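What the coordinates show
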Amino acid sequence: MYKVQRILISLLFVMLSISLSAGNFSADSLLLDAYKKEDMSVWKEYVDSLSLLHSFTPSLLTYEYGFCGYMVDRDKPHALPYVTRFKEHVEAQKKTLPAGHYEMYRSAVLVFELRLHESIHPVKSMSLAKEAVKLAPKDPIVLTYYGTCLFYAPKPFGSKEEALTWFEKADKYFRAPQWKFCWLKEANSMYIKQCKDKLQKDKK
């Protein structure tokens with residue numbers, strides 16, 4: 001019974017993926033709701049269903065990126081295959097990605113590999129993140145990613161205060177209607193709150 005449910009869910013996400021590429025935000029809405037509920041099993045089904053498709057869009061890569069981050073944080077023993085596949089998809093779409101996204105995702109892969117002890121390139125990862133911002137200074141996804149790099153990087157490479165400035169820049173662009181169901185908009189708001197709470201606490 002469980003296998004049947006998994007197959008049905010996978011087929012549902014394949015259909016949603018096709019709809020998404022045609023401008024239907026059903027998948028985005030469903031995945032955002034799961035993100036808010038911290039139900040990443042839904043994301044797993046979605047990301048796994050991508051293997052059934054032969055066309056990977058920039059939008060789908062955003063979910064792979066988010067799920068890899070979750071796996072590296074919560075399930076390291078099983079994270080590497082997802083990171084490896086994500087890396088392959090990024091390279092396959094190098095020429096079709098929006099400005100700055102290729103550099104951003106390459107940076108993210110290096111961060112994931114570092115945390116999985118597969119490679120050690122923290123300086124290159126930060127350099128790629130900076131390059132991404134230069135290429136896409138008004139893209140909230142890129143701005144949010146750079147903010148997270150500064151958020152987690154130890155001093156003197158990063159800081160919560162500097163990260164906050166980038167999260168707030170991203171927030172302004174995330175207000176556009178096209179980002180209504182973007183999970184990174186939700187994540188960006190969370191980081192803004194965490195930065196403000198931390199900075200306020202440090203002042204006391």
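If you're wondering where the values come from, they're calculated on a predicted model, not measured in any experiment. (Residues numbered from 1 in each chain as written. Predicted model: local features only at pLDDT ≥ 70, side-chain atom pairs only at ≥ 80, totals over all residues. Heavy atoms only, no water.)

A short note on the confidence of the model for the chain
Looking at the chain as a whole, its pLDDT mean stands at 86, while 84% of the residues score no less than 70. Here residues 1-11 is modelled with pLDDT under 50, and outside its nearest four sequence neighbours on either side it reaches seven contacts, counting other chains as well. In this model residues 17-24 is a low-confidence stretch, pLDDT under 50, and it forms eleven contacts with partners more than four residues away in sequence or in other chains. (pLDDT = per-residue confidence, 0-100. Contact = heavy atoms within 4.5 Å.)

So, the nonpolar core
It is characteristic of soluble globular proteins that their nonpolar side chains tend to be buried jointly. Judged by nonpolar contacts, the single largest core of 58 residues is most densely connected at W43, Y65, F86, Y105, F112 and W183. The contacts of W43, once residues within four sequence positions are left out, are L31, A34, Y35, Y63, G66, F67 and W183. (Core = buried A, V, L, I, M, F, W, Y, C linked by side-chain atoms within 4.5 Å. Buried < 20%, exposed > 50% of the residue type's maximum accessible area, 1.4 Å probe, protein only.)

Some details on the packing of aromatic side chains
Within the structure shown, the criterion is met by 20 aromatic pairs. With 5.2 Å between their ring centres and 85° between their planes, W43 and W183 make a pair best called edge-to-face. With W43 in helix α3 (residues 40-49) and W183 in helix α10 (residues 183-203), the pair connects residues that are 140 residues apart, well separated along the chain. Each member of the pair W43 and W183 is classed as buried. Through successive ring pairs, a cluster of aromatic residues spans Y35, W43, Y46, Y63, Y65, F86, Y105, F112, Y145 and W183. The aromatic ring of F151 is capped on one face by K160, whose charged end is 4.6 Å from the ring centroid. (Phe/Tyr/Trp six-rings, centres within 6.5 Å; stacked < 30°, edge-to-face > 60°. Helix = DSSP H or I, 4+ residues; strand = E, 2+ residues; numbered from the N terminus. Lys NZ or Arg CZ within 6 Å of the ring centre and 35° of its normal.)

Regarding the pattern of salt bridges
The tally for this structure, following the rule as stated, stands at seven salt bridges. In this structure, K44 and D48 form a salt bridge, with 2.8 Å as the shortest nitrogen-oxygen distance. Pair noted here: K44 and D48 are both in helix α3, with a separation of four residues, about one helical turn. For K44, a relative accessible area of 29% translates into the label partly exposed. Here D197 and K193 are joined by a salt bridge, their closest N and O atoms 2.8 Å apart. Here K193 and D197 lie together in helix α10, a separation of four residues that amounts to about one turn. For D197, a relative accessible area of 43% corresponds to the partly exposed category. (Salt bridge = Lys/Arg side-chain N within 4 Å of Asp/Glu carboxyl O.)

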